[in-house]
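Next come the chains, spelled out residue by residue.
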Amino acid sequence: HRFWKWAAIEYNLSNPCRNIRYPGKIKAQPRAAELEDIQAMFHATGNPPAGTRDRAILAFLLDTGVRSQGLRELRMSNLYVSDRKAIVTEKGNKTRTVVFTSHTVELLNKWIAIRENVDVVFYSINTLEELTQRGLYQLLKRLARRAKVTGKFNPHAFRHAFAKGYIANGGD
């Protein structure tokens, strides 16, 4: 393109590349949280009640692939632990049902057994209010620092890890 543009100007030629588009930029692949890092974060959780909540959050994020908003705004009335499913509302007020494994059921049951009677499933231990987006990020950042994680650890990295695992196990 540059050569023909120069040649067209320099030698008063017709530019044969004027109608040819430039190739698109290559998009970087999304970076998922690594399984070893997630396991290290599980081991870095503390004692109850915060540690129990944090383990349930990590398992729920990894098992369902929910967005940050879906986890933070999950209500007890939309959590069906015995059926291993939850109804989450995420981006653009879209509601969907997510399912989770028996391991997540165990961790959720432990959290439910000791949690305060609050409408949201996961809340700030100090204020008993819904976790904010920043609060969830700070929680994960604190766990990542304790676990000496150098890779991605944000909520969306868990979503990518879920997707990678889903596809690797034959998902569509």
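A quick note: this is a predicted structure, and the numbers were derived from the prediction, not measured.

How each quantity is defined
Residues numbered from 1 in each chain as written. Predicted model: local features only at pLDDT ≥ 70, side-chain atom pairs only at ≥ 80, totals over all residues. Heavy atoms only, no water. Core = buried A, V, L, I, M, F, W, Y, C linked by side-chain atoms within 4.5 Å. Buried < 20%, exposed > 50% of the residue type's maximum accessible area, 1.4 Å probe, protein only. Contact = heavy atoms within 4.5 Å. Salt bridge = Lys/Arg side-chain N within 4 Å of Asp/Glu carboxyl O. Patch = residues over 30% accessible without salt bridge, like charges linked within 9 Å, V, L, I, M, F, W, Y side chains within 5 Å. Areas by Shrake-Rupley, 256 points an atom, 1.4 Å probe, with all protein chains shown as cover. Lys, Arg positive; Asp, Glu negative; His and termini not counted. Charge placed at Lys NZ, Arg CZ, Asp CG, Glu CD. Helix = DSSP H or I, 4+ residues; strand = E, 2+ residues; numbered from the N terminus. Axes fitted to C-alpha atoms, helices over the stretch in contact; angles between N-to-C directions. Left-handed = near helix turned anticlockwise from the far one by under 90°. Nonpolar A, V, L, I, M, F, W, Y, C, P; charged D, E, K, R; others polar.

Engineer: Explain the nonpolar core here, please?
Structural biologist: The tendency in soluble globular proteins is for nonpolar side chains to be buried as a group. Core analysis: the biggest nonpolar cluster contains 42 residues, and M41, I57, F60, L71, L79, F122 and L140 have the highest contact counts within it. Once residues lying within four places of it in the same chain are set aside, the contact partners of L140 are M41, L58, L61, F153, N154, P155 and F158.

Engineer: How should the pattern of salt bridges be read in this particular structure?
Structural biologist: Any two side chains of opposite charge can pair if their charged atoms end up close together. Counted under the stated rule, the structure contains five salt bridges. Between D54 and R53 there is a salt bridge, with the nearest N and O atoms lying 2.9 Å from each other. Summarising the burial analysis for this pair, D54 and R53 share the class buried. Of the charged contacts in the structure, one is a salt bridge between R96 and E90, with a shortest N-O distance of 2.9 Å.

Engineer: I keep staring at a positive patch on the surface and nothing clicks. Help me out?
Structural biologist: A surface patch of positive charge is lined by R134, K141, R142, R145 and R146. Relative to the helices and strands, R134 is located in helix 6 (residues 133-146).

Engineer: What should I look at first to understand the side chain of D54 in this one?
Structural biologist: As for its placement among the helices and strands, D54 is situated in helix 3 (residues 50-64). We classify D54 as buried; its relative accessible area is 4%.

Engineer: Honestly, the packing of helix 3 against helix 5 (residues 102-114) in this entry has me stumped. Any pointers?
Structural biologist: Geometrically, a packed helix pair is captured by the angle between its two axes and the distance between the axes. Running from N to C, helix 3 and helix 5 point in directions that differ by 145°, and their axes come no closer than 9 Å. Seen along the crossing, helix 3 lies across helix 5 with a hand that is left-handed. From helix 3, T52, R53, R55, A56, A59, F60 and D63 reach across to helix 5, where they touch T104, L107, L108, K110, W111 and I114. A breakdown of the residues in the contact of helix 3 with helix 5 according to their chemical character gives seven nonpolar, two polar and four charged.

Engineer: How should I be thinking about unusual backbone geometry in this particular structure?
Structural biologist: Negative phi characterises most residues that are not glycine, and trans characterises most peptide bonds. In the segment running from P48 into P49, the intervening peptide bond is cis, with an omega of 0°. You can see P49 is positioned in the loop between helix 2 (35-43) and helix 3. Positive phi values are uncommon outside glycine, yet N12 reaches one of about 55°. By the element assignment, N12 lies in the loop between helix 1 (2-11) and helix 2.

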